[in-house]
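Architecture and fold: a report
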Amino acid sequence: MFHKTAVSFKVNGEVCDLEIDNRTSLLDALREHLHLTGTKKGCDHGQCGACTVIVEGRRINACLTLAVMHGGDEILTIEGLGQPGHLHPMQQAFIDCDAFQCGYCTPGQICSSVAVLEEIKANVPSHVTQDLTEQTAVTAAEIRERMSGNICRCGAYSNIIDAVMEVAGAPL
Amino acid sequence: MRAFTYERASSVEAAVGTAASNPHAKFIAGGTNLLDLMKLEIETPTHLIDVNGLGLDGIEETADGGLRIGALVRNTDLAANDRVRRDYGLLSRALVSGASGQLRNKATTAGNLLQRTRCPYFYDPMQPCNKRNPGSGCSAIGGFSRQHGVIGTSDACIATHPSDMAIALSALEATVETVKGDGARRSIPIGDFHRLPGDSPHIETVLEHGEFITAVLLPPPLGGKHIYRKVRDRASYAFALVSVGVVIQPDGSGRFAVGGVAHKPWRVETAEAELHKGAKAAVAVAFSDSRPTDQNRYKLDLVERTLAAVIEDARG
């Protein structure tokens, strides 16, 4: 019986070839095999959002998907978004707005935020979108609703919204 | 998580063929519910068939003016589709009221229908549960049952089906298209797709082992006002205590389906004939056989009030 599978995907632009136990989540592959520990393990059940990464341009919970299911995919983690000295605007805005306390949920919050702005641009509706037939706008209510899959136990929510609104160039 | 072998399916035929020959094989698409349950060893497949590479991710107009939604269309894409937003607003609204943005990006149309209950006793391997371990008993009956079913329940199980999408599909009279291991195809009306628990709550749908959902079909648009109202403990990212999906026509007639109350989307056509008389009359018929627990009796009032609010919205 073969309980391992070979898989190749790109993480932050670099090709990664792995042969791993089929049970390995994408989250564990990133952290334990590729040593990219910026992506955090919180609940490991898709409830907290700490493991949010961007796969093929979309944010997902890395804990609820198998690494072997991502052959050929482009995966973007917090390390790939920006590094000290050349931060992504969202990373800088989180610092400027004091949008974290302990910081554990922050990589997931930032990856999620970056993808949320793309989702609004692509006119994906949300639960609070008033008119389904019009272009969705960046509002605090939209950000709050779309970020509900990212929990912050320190309660930095209002500053997180400020940071996302700042990057979007939207008035608070 | 138990060990399993893994393959990427090359075609629908190959996928159903493999599944039919292995009673412990499962298909995996988005995987957001299946992997969660595998971590808890509530689901223990020994072989996973990854169907993500099969296409089946298009939304096409049908000859009669309806829509054919591929089984692998992600919840995000279905909610954002222009035709769905314009003609089946109820479906878009139901989809975006469920889960989180991250989960909707992964979750598929077929997988959403096949997700399992979020009954906390089902999720706790230390507790008896007839759905997880047939014959072990139901911990919710006589336990904490505030979130549980009020109608169509049995002495074996009072769990609810958690899907918001399925409530919309129920009111819209969707059809589920499948293919079996022997290649036979069938179309299952959404109202017949999920089962009531009876004495076998571990069997949740009419699908046979290895039967594969290829698409969900929507009939031509109904027009009318489309509203999905979900009542929950948090404003976002929570399952429904109750939810009501309606399509209401200018003359006050219409359709409604209720979520969070039963083992399947709860739609009673004879109750819809009462809609023009108001929520009280319609709910009285739809829930005439209800058997709530002391802890979830409130759901009957909540359904009536939610339906009344929705009817009011539809007039506005």
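Attention here is on the structure that accompanies the text. Remember, it's a predicted structure, so these values are computed and weren't measured experimentally. (Residues numbered from 1 in each chain as written. Chains lettered and ligands numbered in written order. Predicted model: local features only at pLDDT ≥ 70, side-chain atom pairs only at ≥ 80, totals over all residues. Heavy atoms only, no water.)

1. Considerations on the overall build of chain A
Using the following cut-off: Secondary structure is summarised from DSSP: a helix means a run of H or I of at least four residues, a strand means a run of E of at least two, and numbering begins at the N terminus for each. Relative accessibility under 20% of the residue-type maximum defines a buried residue, over 50% an exposed one, and the middle range a partly exposed one, all with a 1.4 Å probe and only protein chains included. Here, residues are in contact when the closest pair of their heavy atoms is within 4.5 Å.
Of the regular secondary structure elements, chain A holds six helices and five strands. The order of helices and strands in chain A, counted from the N terminus, is β-β-α-β-β-β-α-α-α-α-α. C-alpha atoms of chain A, sized along the principal axes, occupy 55 × 35 × 30 Å. The burial tally for chain A puts 53% of its 172 residues in the buried class. A separation of at least 24 residues holds for 52% of the contacts in chain A among residues at least 6 apart in sequence.

2. Concerning unusual backbone geometry
Although it is not a glycine, Asp98(A) adopts a positive phi angle of roughly 55°. Relative to the elements of secondary structure, Asp98(A) occurs in the loop between helix H3 (89-96) and helix H4 (106-121). At Ala99(B), a position not held by glycine, the phi torsion is positive, near 55°. Its location among the elements puts Ala99(B) in the loop between helix H5 (89-96) and helix H6 (101-106). Here Ala99(B) falls in the partly exposed class, since its relative accessible area comes to 32%.

3. Remarks on the packing of aromatic side chains
All names here are of chain B. Short version of the rule: Note on aromatic contacts: the rings of Phe and Tyr and the six-membered ring of Trp form a pair at centre separations within 6.5 Å, being stacked when their planes are under 30 degrees apart, edge-to-face when over 60 apart, and tilted otherwise.
On inspection of all chains with the given rule, the structure shows two aromatic pairs over all chains. When the centroid spacing of 4.9 Å and the interplanar angle of 75° are considered together, the rings of Phe27 and Phe212 count as edge-to-face. Of this pair, Phe27 sits in strand E2 (residues 25-28) while Phe212 sits in strand E8 (residues 212-218), and the two are 185 residues apart along the sequence. Taking the relative accessible area as the measure of exposure, Phe27 reaches 23% and is therefore partly exposed. Using a relative accessible area of 5% as the deciding quantity, one classes Phe212 as buried.

4. Digging into the sheet that holds strand E4 (residues 59-61) of chain B
Residues and elements named next belong to chain B. Worth spelling out the cut-off: A pair of strands counts as paired when DSSP detects no fewer than two bridges linking them. Axes here refer to lines fitted to C-alpha atoms; in helices the fit is confined to the stretch in contact. Angles between the N-to-C directions go from 0 to 180 degrees.
Strands sit in the order E4-E5-E8-E6-E7 across an open sheet of five strands; the sheet is antiparallel. Every other strand in the sheet has two partners, leaving E4 and strand E7 (185-189) as the edge strands with one partner each. Between one strand axis and the next, the sheet turns through 25° on average, direction left out of account. Relative to E8, strand E5 (residues 67-70) is paired through four bridges, and the arrangement is antiparallel.

5. Section: the interface of chain A and chain B
To be explicit about the condition: As used here, buried area is the combined drop in accessible area, with a 1.4 Å probe, of two parts when they are placed together. The term salt bridge refers to a side-chain nitrogen of Lys or Arg lying within 4 Å of a carboxyl oxygen of Asp or Glu.
In this complex, chain A contributes 42 residues to the contact, which on the side of chain B involves 40 residues. Carbon and sulfur atoms supply 53% of the area buried between chain A and chain B, which totals about 3400 Å² over both sides. Here chain A is connected to chain B by two salt bridges. Between Asp77(B) and Arg58(A) there is a salt bridge whose closest N-O contact spans 2.4 Å.

6. Here's the deal with the pattern of salt bridges
Side chains bearing opposite charge may pair, as long as their charged atoms lie close to each other. Residue and element names in this part refer to chain B. Under the criterion given, the structure shown has 30 salt bridges over all chains. Notably, a salt bridge pairs Lys131 with Glu204, separated by 2.8 Å at the nearest N-O pair. With Lys131 in the loop between helix H7 (109-114) and helix H8 (165-171) and Glu204 in the loop between helix H9 (190-193) and E8, this residue pair connects regions lying 73 residues apart in the sequence. Across the pair, exposure class does not vary: Lys131 and Glu204 are buried alike. Put simply, Arg186 and Glu211 hold a salt bridge, and the shortest N to O gap is 2.7 Å. Placement of Arg186 in strand E7 and of Glu211 in the loop between H9 and E8 is noted, with a sequence separation of 25 residues between them.

7. Regarding the nonpolar core
For the record, the criterion: Joining through side-chain atoms within 4.5 Å is the link that ties buried Ala, Val, Leu, Ile, Met, Phe, Trp, Tyr and Cys residues into a set, and such a set is a nonpolar core.
Ranked by size, the top nonpolar core spans 34 residues in total, and within it Leu78(B), Leu91(B), Leu113(B), Leu169(B), Phe193(B) and Leu218(B) carry the most contacts. When residues of this core are traced back to their parent elements, those giving at least two are E5, helix H3 (75-80), H5, H7, H8, H9 and E8 of chain B. In terms of residue count, the dominant contributor to this core is H8(B) (six residues). Contact partners of Leu218(B), with chain neighbours within four places excluded, come to Gly66(B), Leu67(B), Ile69(B), Tyr88(B), Leu91(B), Leu169(B), Leu172(B) and Ala174(B). Residues Leu18(A), Leu36(A), Leu35(B) and Leu48(B) belong to the second largest nonpolar core, which totals 32 residues.

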